[in-house]
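# Observations on chain architecture
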Amino acid sequence: MHENLAIFTGTGDYIASNELQNSVNVAIALGRPLLIKGEPGTGKTMLAQSIADGLGKELLIWNIKSTTKASDGLYIYDTVQRLYDSQFGDHDVSDIKQYIKMGKLGEAFLATSQVVLLIDEIDKADIEFPNDLLWELDIMSFDIPETGENLQARHRPVVIITSNAEKELPDAFLRRCIFHYIAFPDASMMKEIVNVHYPELEQKLLEEAMAAFYWIRSVGGLQKKPSTSELLDWLQALTVGGISPEKVSAEFPFLGVLLKKDHDFNTVLQHLHRQGKQVKSAAGIPRSR
Ligand SMILES: Nc1ncnc2c1ncn2[C@@H]1O[C@H](COP(=O)(O)OP(=O)(O)OP(=O)(O)O)[C@@H](O)[C@H]1O
Ligand SMILES: [Mg+2]
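Residues numbered from 1 in each chain as written. Chains lettered and ligands numbered in written order. Predicted model: local features only at pLDDT ≥ 70, side-chain atom pairs only at ≥ 80, totals over all residues.

Below, the discussion takes up the nonpolar core. Judged by nonpolar contacts, the single largest core of 41 residues is most densely connected at Ile51, Val116, Leu117 and Ile160. Judged by nonpolar contacts, the second largest core, of 18 residues, contains Ile216, Phe252, Leu255 and Leu272. (Core = buried A, V, L, I, M, F, W, Y, C linked by C-beta atoms within 7 Å. Buried ≥ 20, exposed ≤ 12 C-beta atoms within 10 Å, placed from the backbone.)

Here it is, written out as structure tokens:
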């Protein structure tokens, strides 16, 4: 299949390390789902958009919730609508096909060209969810008993699955996936990431903010270290707030943009006070309780 030869090299708005690019390309070449793990805010969800953009393919997003069932991704037989139509409608309800609504996997199978299918946050669902999907992802087809049809994927979708590791995934599922852990970006990669979002940012401000950011991440005992997305928000807050680079390391303004837990906030404040820094506990934004 020629579509398997597409090569992902990242996009202008998304910085993908060489290892990540390789994992994506291996998964595409082997026709296997790519399972992406990594800290929150490290670009797992955005990767799927970047792959779709980079390869010029449509992106279908299946957001997984705690109540999502694997069968929701295949199709839903809308019996309620059929019943309603049979009682109040004026058209023929014997054609069951009109009440079969495709789920995201069904849509991906029906698509006339290869799509990228993001199954986002698979670990939110029930522990059985990944196993229940295995068969359909393996054989790329499923039956619709209500109509007696078998739906075969016209083009094997590029399947990207993200997980925040809230739950362990079953071994049988892991065996079928290509796995990639997005390592937390080092400073030079982080600069590149910031640069695609804020190309005009003052370099001195960026350096001070990054030094403060990586220092905070190094403080022991944090329950939730700030991540890429929080750094991006912080840089925006600093810019909008007209904060000078000198003030960043002296006052750590808007600390609540980086730290979301009271425990972490207090831990960092204690460390700063020990260093003789007089950071206001409110740090410029209201604290939540
Ligand atoms: N490598 C990257 N290149 C460009 N932007 C990035 C990168 N990594 C993260 N970001 C930015 O960080 C933010 C968070 O990314 P994203 O939502 O994809 O993270 P996530 O890993 O899916 O987080 P969560 O686990 O909370 O869902 C986005 O605004 C994204 O633009
Ligand atoms: Mg995400």
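What follows is about helix H1 (residues 18-30). Between the first and last C-alpha of H1 there are 18 Å, a value that for 13 residues agrees with the 18 Å anticipated at 1.5 Å per step. Of the residues making up H1, those classed as buried are Leu20, Ser23, Val24, Ala27 and Ile28. Buried residues in H1, looked at end-on, bunch into an arc of 130°, giving them a common side. H1 presents Asn18, Glu19 and Leu30 as exposed residues on the side facing more than 90 degrees away from its buried surface. At its buried positions, H1 is contacted by strand S1 (34-37), helix H2 (44-55), strand S8 (158-163) and strand S9 (178-181). Gly31 occupies a position one or two residues after H1 and carries a positive phi of about 70°. (Helix = DSSP H or I, 4+ residues; strand = E, 2+ residues; numbered from the N terminus. Expected span 1.5 Å × (residues − 1). Arc of directions from axis to C-beta. Contact = placed C-beta atoms within 7 Å.)

Where burial is concerned, the two faces of strand S2 (residues 59-63) differ: the one with Leu60 and Trp62 is buried and the one with Leu59, Ile61 and Asn63 is not. Pairing between S2 and strand S5 (residues 116-120): 5 bridges, direction parallel. Pairing of Leu60 across the sheet is with Leu117, part of S5. (Pairing = 2+ DSSP bridges.)

It is a general feature of regular strands that their side chains alternate between the two faces of the sheet. Pairing of strand S6 (residues 141-144) with strand S7 (residues 149-152), which is carried by 4 bridges, proceeds in the antiparallel orientation. Counterpart to Asp143 in the pairing with S7 is Asn150. What sits between the antiparallel neighbours S6 and S7 is a turn of 4 residues, in which Gly148 has the positive phi angle 75°.

Neighbouring ligand 1 are 16 residues, the closest being Pro40, Gly43, Lys44, Thr45 and Met46. Of all the secondary structure elements, the ones that give two or more residues to the shell around ligand 1 are H2, helix H8 (187-197) and helix H10 (228-240). Broken down by class, the residue content of the shell around ligand 1 amounts to 7 nonpolar, 8 polar and 1 charged. (Near = placed C-beta within 6 Å. Nonpolar A, V, L, I, M, F, W, Y, C, P; charged D, E, K, R; others polar.)

What follows is about the domain arrangement of the protein. Annotation of the protein at the domain level lists domain 1 (2-181) and domain 2 (187-274). Taken over C-alpha atoms, the centre of domain 1 sits 35 Å from the centre of domain 2. On the side of domain 2, 8 residues touch domain 1, which itself brings 9 residues to the contact. (Domains from an automatic or database assignment.)

The 5 strands are arranged S2-S5-S8-S1-S9 in an open sheet whose pairing can be described as parallel. Two strands close off the open sheet at either side, each with one partner strand: S2 and S9. For this sheet, the mean angle separating the axes of adjacent strands, direction not counted, is 20°. Note: S5 against S8, 4 bridges, orientation parallel. Each bridged residue has a counterpart across the sheet, and for Leu117 the counterpart in S8 is Val159. (Axes fitted to C-alpha atoms, helices over the stretch in contact; angles between N-to-C directions.)

The phi dihedral of Met140 falls on the positive side, at around 55°, and the residue is not glycine. Take Met140: there are 18 C-beta atoms within 10 Å of it, and that puts it in the partly exposed class.

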